[in-house]
Amino acid sequence: MPSTPADFTHRHDDWMAEALALAQHAIGLSEPNPRVGCLIVAADGQVIGRGHTQQAGGPHAEVMALRDAAAHGHPVRGATAVVTLEPCAHHGRTPPCCDALVTAGIARVVMALEDPNPLVAGQGAARLRAAGIDVIEGSISPETADAARELNIGFFSRMERQRPWVRLKIAASLDGRTALPNGVSQWITGEAARTDGHAWRRRAGAVLTGVGTVVEDNPRLDVRLVPTPRQPLRVVVDSRLDAPPGARIFEAPGSVLVYAANPTTERLAAFVDRGVDVARVPGANDKVDLAAMLADLAARGINELHVEAGHKLNGSLVRERLVDEFLIYLAPKLLGAGRDLAAFGPLTALSDAVELRFHLIDRIGDDLRVLARPRQG
């Protein structure tokens, strides 16, 4: 069995970092498939092929990297494939990537993480080893491995928990107000923060809001401020189907899905006649069962769910502990009285608070972007 040259092991982190940079190009493109990057490295350490996952049904990263090497006249037999996720071992929309690597004569594979998909989950590595290929795991730093998982945090969530990674986006003043008492909120944050928010929309499989936001703000909730090869699914929580049929969210490019509880036959017919997809997931008090909605979205292939809603739906998601990540843009201004980030509580003890930890804090234009996650345990 081939072995890794000793002087190349220390380069695995650098190669994997480049492969992760390639995988970034799959954001907004590859859903519901994971974002994967791949390098083909010749025996002398030269990178001779690069690729990332294409749209669903298109080539995966390994195939793209092999094609890139071939297009430049580089033989790949005996080379090393550096890939950010275990090569797939099953027939989906495309043939298994591990078969393509075996056929190409790849000598070794350096992979960042095992694929959490039960259809793969170590089987890709096993098939490669059975074909005589040296599969190398654990040769990269914990920081690089963490970066590989973060890139596909929604895919891991869907595979391991059968629900999307829920990211709650909020734009607020420094004193935590998302709108004035009369509902006016445009614009609390600056242009740079709004553009950055669209970049986060782009990386999601779906963007969710509530009927209150549809009625009050009439948003489009599509991706406009950054380039994107696809529009995420737009999702509305509307228990009784009160949204006006002419709302802009139904007009923007892309698909719309509405979750209802127990709407009247007439309201349901009005939405169906307009061609709007309605899913019924009734919960308590004639409200949408939010946990069941998340399970349904996962079944539809949604990895990351980006929420841009009002304080009521935000509060329900927080109360039910369904938020995995808070994406908060804080503007350097004070509004005094106004609408809250999320309407839940009131709490009677500080020990009942939703404990968060800061994951990332960055300055975006004149505003702060805070990424915070619930504390575990």
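Residues numbered from 1 in each chain as written. Predicted model: local features only at pLDDT ≥ 70, side-chain atom pairs only at ≥ 80, totals over all residues. Heavy atoms only, no water.

1. Quick word on the sheet that holds strand β10 (residues 277-280)
Moving on, step 1. Strand order in the open sheet formed by nine strands is β10-β9-β8-β7-β11-β6-β12-β14-β13, and the pairing between neighbours is mixed. Edge positions in the sheet fall to β10 and β13 (356-364), since each has one partner strand and no second. Adjacent strand axes in the sheet meet at a mean angle of 25 degrees, parallel and antiparallel pairs treated alike.
Moving on, step 2. Alignment of strand β7 (residues 206-210) against strand β11 (residues 304-307), held across three bridges, turns out to be parallel. What sits directly across from V207, in β11, is H306.
Moving on, step 3. Against the sheet, helix α7 (residues 191-203) makes contact with β6 (165-173), β7, β11, β12 (325-331), β13 and β14 (367-374), and its axis sits at roughly 165 degrees relative to β12, the strand it touches most. (Pairing = 2+ DSSP bridges. Helix = DSSP H or I, 4+ residues; strand = E, 2+ residues; numbered from the N terminus. Axes fitted to C-alpha atoms, helices over the stretch in contact; angles between N-to-C directions. Contact = heavy atoms within 4.5 Å.)

2. Describing a nonpolar patch on the surface
Moving on, step 1. A cluster of nonpolar side chains, F358, I361 and L368, forms an exposed patch at the surface whose accessible area comes to about 310 Å².
Moving on, step 2. If you trace the backbone, L368 turns up in strand β14. (Patch = residues over 30% accessible without salt bridge, like charges linked within 9 Å, V, L, I, M, F, W, Y side chains within 5 Å. Areas by Shrake-Rupley, 256 points an atom, 1.4 Å probe, with all protein chains shown as cover. Salt bridge = Lys/Arg side-chain N within 4 Å of Asp/Glu carboxyl O.)

3. Observations regarding the confidence of the model for the protein chain
Moving on, step 1. Taken as a whole, the protein chain shows an average pLDDT of 92; of its residues, 97% reach a score of 70 or greater.
Moving on, step 2. Here residues 1-6 is modelled with pLDDT under 50, and outside its nearest four sequence neighbours on either side it reaches 14 contacts, counting other chains as well. (pLDDT = per-residue confidence, 0-100.)

4. A look at the sheet that holds strand β2 (residues 47-52)
Moving on, step 1. The strand order across the open sheet built from five strands is β2-β1-β3-β4-β5, with neighbouring strands paired in mixed fashion. Looking along the sheet, the strands with just one partner apiece sit at the ends: β2 and β5 (134-136). Strand after strand, the sheet turns through a mean of 15 degrees between neighbouring axes, direction not considered.
Moving on, step 2. Direction of pairing for strand β1 (residues 37-41) relative to β2: antiparallel, over a ladder of five bridges. Its bridge partner being in β2, V41 is matched across the sheet by V47.

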